[in-house]
Amino acid sequence: MTYDLVVKNGTVIDPAQGVHGKKDIAVAGGKIAAIEDYVSDGDTHDVIEADGLLVTPGLVDLHVHVWWGVAHLAIEADPVCVYRGVTTAIDAGSSGANTIAGFNRYVMEAVDTRVFAFLHISGMGQLDNDIGELEDIRWARVERAVEAAKLHSDVIVGIKVRLTDNIVGNNDMVALDRALEAGAELDKPVMIHIGGSVHDFDEFLEKLRPGDIVTHSFTGNPHGILDNNNKVIDAAWDAMKRVIIFDVGHGAGSFSFPVAEACQEQGLGPGTVSSDVHRYNLRGPVYDLMTTLSKYIYLGYSIDDALALGTSKPSAAVGLPDHIGTLTVGADADIAVAQLREGPVTFTDAKGNERAGNQLLVPVETLRKGRRFNPIHSTHPHLIGHPHKH
């Protein structure tokens, strides 16, 4: 058989299938045609030599903002997603019922990254940085959200609500109730954004259903996952038993190394790792999803376990087709080729806390339906030191 492309000699890691070993992957017609210990490259049009590199499923970022030009925090999808290992990105509330049609037409249908969305319970989505989208609770209209989500059911994976006081004021419990009502009617998960809310976190957790998602779970902002004695709150343990998903959602202000470390010491880790990449953190401290996953390798996760948190687990969390986030023959050839760079790296959380690491996942090449995308930008000098310094 003549293949379009073969990825040769890479260390293939597919956590969903328990695969970790040196293999070749053949691509034909935009699909994965074969995964074998050896695939001949004598009858193929193109070869990626991946010796010494990791070959993984295209990453799945559960929390991004890519409604460029409309949502105040949004960036263009492709440069930070498909060019940097993420083949599937889920926008977390940039659009609401009033703006989802435009988001679908002008972004989702136009970019090379596969984009889904959590629909914001606020009809405006996230338009402005200074005026909270739910300060006027009239924007939270359940019927409009449900109608829009059904109309765009092929791209909507759930409902989003942000519960910080400068976004929702004193309306946080009302907004949450309306988001949950919409989620229940759609039979889809609700993602809640926490930190700095009027009400306590445990009051939110008590309302969540199995499969609902908490993003910014390891925030250092008030009303978080730790009590005043640095212990995980009881409501969080109860939520884990009910299969509530704790997502990282790093962002510009929502990931704290001390909080994540305290949680991990007590046995509570994330169910998914997402970047929450947007215009205010693209040049640090987030950069991209690979950097965010690298922080969990620093925190002691194996490469396989860290990659699961950015591939199969986020895919399952929002019910994506079972070929997304894994390498299966016949699936779209969505593949990330990465280097596990050894050497000093400085990781910074959203509060400016630094940690000195020694391993960094760096994108080398991404395949999306078999098409090749090379990173537009190299590793940021704040991570590894400026290459031109002597």
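Above this text is the structure in question.
Keep in mind that this is a model prediction, so the values were computed, not measured. (Residues numbered from 1 in each chain as written. Predicted model: local features only at pLDDT ≥ 70, side-chain atom pairs only at ≥ 80, totals over all residues. Heavy atoms only, no water.)

A. Region of interest: the overall build of the chain. Along the backbone of the chain there are 12 helices and 15 strands. Over its C-alpha atoms the chain spans a radius of gyration of 20 Å, differing by no more than 12% from the 21 Å that the globule rule assigns to 390 residues. Counting every position in the chain, which comprises 390 residues, the buried fraction comes to 59%. Taking all contacts inside the chain whose residues are at least 6 apart in sequence as the whole, residues at least 24 apart take part in 76%. Carbon and sulfur atoms form 47% of the exposed surface of the chain, whose accessible area is close to 15400 Å². (Helix = DSSP H or I, 4+ residues; strand = E, 2+ residues; numbered from the N terminus. Rg over C-alpha atoms; globule rule 2.2 N^0.38 Å. Buried < 20%, exposed > 50% of the residue type's maximum accessible area, 1.4 Å probe, protein only. Contact = heavy atoms within 4.5 Å. Areas by Shrake-Rupley, 256 points an atom, 1.4 Å probe, with all protein chains shown as cover.)

B. Local environment of the side chain of Ser-274. Secondary-structure assignment places Ser-274 in the loop between helix H8 (257–265) and helix H9 (289–298). One polar contact links the side chain of Ser-274 to the main-chain amide nitrogen of Gly-249, over a distance of 3.0 Å. The contacts of Ser-274, once residues within four sequence positions are left out, are Asp-61, Leu-62, His-63, Thr-215, Asp-247, Val-248, Gly-249, His-250, Leu-289 and Thr-292. (Polar contact = N/O pair within 3.5 Å; in protein donor to acceptor, adjacent residues only side chain to side chain.)

C. Broad picture of the packing of helix H3 (residues 142–151) against helix H5 (residues 172–186). At a minimum axis distance of 9 Å, the contact between H3 and H5 shows a crossing angle of 35°. Crossing angle aside, the handedness with which H3 passes H5 is right-handed. Within the contact between the two elements, H3 uses Val-142, Val-146, Ala-149 and Lys-150 and H5 uses Arg-178, Glu-181, Ala-182, Glu-185 and Leu-186. Of the residues belonging to the contact of H3 with H5, the class tally is five nonpolar, no polar and four charged. (Axes fitted to C-alpha atoms, helices over the stretch in contact; angles between N-to-C directions. Left-handed = near helix turned anticlockwise from the far one by under 90°. Nonpolar A, V, L, I, M, F, W, Y, C, P; charged D, E, K, R; others polar.)

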